[in-house]
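For reference, the chains in residue letters:
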Amino acid sequence: MPLLARMVATPLVIDVRPGAIAGLGALLADRRIATAGRVAVAVGPGQGDSVVAELGVSRAEFFRVPDGSHASAVELGLRLRADHFEAVAGIGGGKTIDVTKFAAHMAGIPMVAVATSLSHDGIASPVSTLAHEAGKGSYGVASPVAVVVDLDRVRSAPGKLACAGVGDVVSDLSAISDWELSAADTGERVDGLAVAMARTAAQAVLWQPGGDRSDQFLTVLAEALILSGMAMAVAGSSRPASGGDHEIMHAIDQLYPDTASHGELAGLGALFCAYLREDSQQFAAISECLSRHGLPRDPRDIGLSLPEFSRAVAHAPATRPGRYTILERLALSEAEVAKRVEEYVRAIPG
Ligand SMILES: [Zn+2]
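The following paragraphs examine the structure supplied in this document. These numbers were taken from a predicted model, which means no experiment stands behind them.

A few points about unusual backbone geometry
And step 1. One non-glycine residue, glutamate 278, adopts positive backbone phi at about 55°.
And step 2. Looking at the element boundaries, glutamate 278 is found in the loop between α10 (262-276) and α11 (280-292).
And step 3. One non-glycine residue, alanine 331, lies in the positive phi region at around 45°.
And step 4. In this fold, alanine 331 is placed in the loop between α13 (326-330) and α14 (334-347).
And step 5. Its relative accessible area of 57% is what places alanine 331 among the exposed residues.

Points about the coordination of the zinc ion
And step 1. The protein atoms that coordinate the zinc ion are Asp168 (OD), His246 (NE2) and His262 (NE2), at distances of 2.1 to 2.2 Å.
And step 2. Along the chain, the residues donating to the zinc ion fall in the pattern D-x77-H-x15-H. In this pair, aspartate 168 is assigned in helix α6 (residues 165-186) and histidine 262 in helix α10, connecting sequence segments 94 residues apart.
And step 3. Judged by its relative accessible area of 0%, aspartate 168 is buried.

Some points on the packing of α10 against α14
And step 1. Running from amino to carboxyl end, α10 crosses α14 at an angle of 105°, the nearest separation of the two axes being 10 Å. When the axis of α10 is compared with that of α14, the two are roughly perpendicular. Facing α10, whose interface residues are Leu268, Leu271, Phe272, Tyr275 and Leu276, α14 presents Arg340, Val341, Glu343, Tyr344 and Ala347.
And step 2. Class assignment of the residues belonging to the contact of α10 with α14 gives a composition of eight nonpolar, no polar and two charged.

Quick look at empty space enclosed by the protein
And step 1. In total, this model carries one cavity of 30 Å³ or more according to the counting rule given.
And step 2. Estimates place the volume of the largest cavity at around 40 Å³.
And step 3. Contributing to the lining of the largest cavity are Gly93, Gly94, Ile97, Ala115, Ser117, Ser119, His120, Gly122 and Ile123.
And step 4. Its residues placed into classes, the lining of the largest cavity shows three nonpolar, six polar and no charged.

Let's talk about the layout of surface pockets
And step 1. By volume, the largest pocket is sized at about 1000 Å³.
And step 2. As for the largest pocket, its lining consists of 43 residues, of which Gly93, Gly94, Lys95, Ser119 and Leu161 are closest to the centre.
And step 3. Counting only elements with at least two residues in the lining of the largest pocket, the list comes to α4 (94-107), β6 (127-132), β7 (135-140), α5 (151-156), α9 (244-255) and α10.
And step 4. Residue classes in the lining of the largest pocket are distributed as 14 nonpolar, 22 polar and seven charged.
And step 5. Put simply, the second largest pocket is a space of about 250 Å³.
And step 6. Every residue lining the second largest pocket is counted, 19 residues in all, and those nearest its centre are Val127, Thr129, Ser138, Met232 and His262.

Comments concerning the environment of serine 125
And step 1. Along the chain, serine 125 falls in the loop between β5 (111-115) and β6.
And step 2. Here the alpha-carbon distance between serine 125 and histidine 105, two residues 20 residues apart in the chain, equals 13 Å.
And step 3. Setting aside residues no more than four positions away along its own chain, serine 125 makes contact with Lys101, Ser143, Pro144, Gly229 and Met232.

As for α14
And step 1. The end-to-end C-alpha distance of α14, which contains 14 residues, comes to 20 Å, matching closely the 20 Å that a straight helix rising 1.5 Å per residue would cover.
And step 2. When we look at burial in α14, the residues that qualify are Val337, Arg340, Val341, Tyr344 and Val345. End-on, the buried residues of α14 take up no more than an arc of 135°, which puts them together on one face. Pointing more than 90 degrees away from the buried face of α14 are the exposed residues Ala335, Lys339 and Arg346.

Considering the packing of aromatic side chains
And step 1. Per the stated rule, a full pass over the model turns up seven aromatic pairs.
And step 2. Centre to centre, the rings of tyrosine 275 and tyrosine 344 are 5.8 Å apart; their planes meet at 65°, and the pair counts as edge-to-face. Pair noted here: tyrosine 275 is in helix α10 and tyrosine 344 is in helix α14, with a separation of 69 residues, a long-range link. With respect to class, tyrosine 275 is no different from tyrosine 344; both count as buried.
And step 3. An aromatic cluster is built from Phe272, Tyr275, Phe283, Phe309 and Tyr344, whose rings are joined through pairwise contacts.
And step 4. The side chain of arginine 38 reaches across the aromatic face of phenylalanine 85, ending 4.5 Å from its centre.

Points about the pattern of salt bridges
And step 1. Summed over all chains, the structure comprises 16 salt bridges.
And step 2. With a shortest N-O distance of 2.7 Å, arginine 155 and aspartate 215 are connected by a salt bridge. Of the two residues, arginine 155 sits in helix α5 while aspartate 215 sits in helix α8 (residues 215-235), which places them 60 residues apart along the sequence.
And step 3. Judged by relative accessible area, which is 34%, aspartate 215 ranks as partly exposed.
And step 4. Close ionic contact of arginine 292 with glutamate 288 constitutes a salt bridge, the shortest N to O distance being 2.7 Å. A residue pair is termed a helical-turn pair when its members lie 3 or 4 positions apart in one helix, as arginine 292 and glutamate 288 do in helix α11 at four residues.
And step 5. One salt-bridge network, in which partners are shared between bridges, spans Glu278, Lys339, Arg340 and Glu343.

Rules of the game
- Residues numbered from 1 in each chain as written.
- Predicted model: local features only at pLDDT ≥ 70, side-chain atom pairs only at ≥ 80, totals over all residues.
- Heavy atoms only, no water.
- Helix = DSSP H or I, 4+ residues; strand = E, 2+ residues; numbered from the N terminus.
- Buried < 20%, exposed > 50% of the residue type's maximum accessible area, 1.4 Å probe, protein only.
- Donors = N, O, S within 2.8 Å, 3.2 Å for Na, K, Ca; no water.
- Axes fitted to C-alpha atoms, helices over the stretch in contact; angles between N-to-C directions.
- Parallel < 35°, antiparallel > 145°, perpendicular 65-115°, else oblique.
- Contact = heavy atoms within 4.5 Å.
- Nonpolar A, V, L, I, M, F, W, Y, C, P; charged D, E, K, R; others polar.
- 1 Å grid on protein atoms, 1.4 Å probe; cavity = no way out; pocket = protein on both sides within 12 Å on 5 of 7 lines; lining within 4 Å.
- Points joined across faces, edges and corners; volume = space filled by probe spheres on them.
- Expected span 1.5 Å × (residues − 1).
- Arc of directions from axis to C-beta.
- Phe/Tyr/Trp six-rings, centres within 6.5 Å; stacked < 30°, edge-to-face > 60°.
- Lys NZ or Arg CZ within 6 Å of the ring centre and 35° of its normal.
- Salt bridge = Lys/Arg side-chain N within 4 Å of Asp/Glu carboxyl O.

Pasting the structure below:
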């Protein structure tokens, strides 16, 4: 009988728990990852020496990742390749993981993602988002071979970035709606498995009560971000996790750099797209979830005036040619966008 199934490449190991970082030494000693034990560890700027001490990896060489730029990723990639490392672990927030994933791909070696914040769904995805001279770019790379999330580190991470990934994962609902819209309007094929993974991830976070940093909440968020990243690997594109919501984010990043984080902008974009789609159920659910977690819903929450946000919405379709979403369907003029933005902010529940 033929094997009528598809094979899905997934990480060898997924470890989400308090204190998980202490298991990294044993993980890197896994001979499937590094035969001779020649491993590099890339550490983000927010990570002090305490993280290095906690690792239990004596033979590794350490590198500091200064920022989330393409230049830093290339520099790290060159060093990994020149010094013949067998594997690299990236420890830090979203930017450090993106830089290390790209560098590992460039050097042709496996990468272990060690997340100390839950800011976006790049933890387990085959995509690296990096800053360059003209804004930000998304690059296709190999997915991590192992994913470690240390809940203690996430809980003690400073600022609201630690859990901004809530906005990124709930934006999957908007991305899926856009994908289904494209299927109806353009005949684009929808991948049911990728949708099942992305939608389940988003729903789990959407309906997880509490905005605290309890183990229960952080576990659901971490696992949802991992599933969302794997949905992209299954689909072979960012489609299940990126629709009009992410087009608006890319436009804001291009027009007004460093306005807010990936997760904050994705959540805001998703809420606005749900409004445009006149999906009152999705709008209410995403609005309630973002509000519960202190994430922005009104553009003015992140310092953008309504005309500035309108300009970004009008520019959004140009950031991702070929992707059909509610923005392409409506093809609003600048005057129409401005009117819808005014209506949108009035519709946000108080
Ligand atoms: Zn995203």
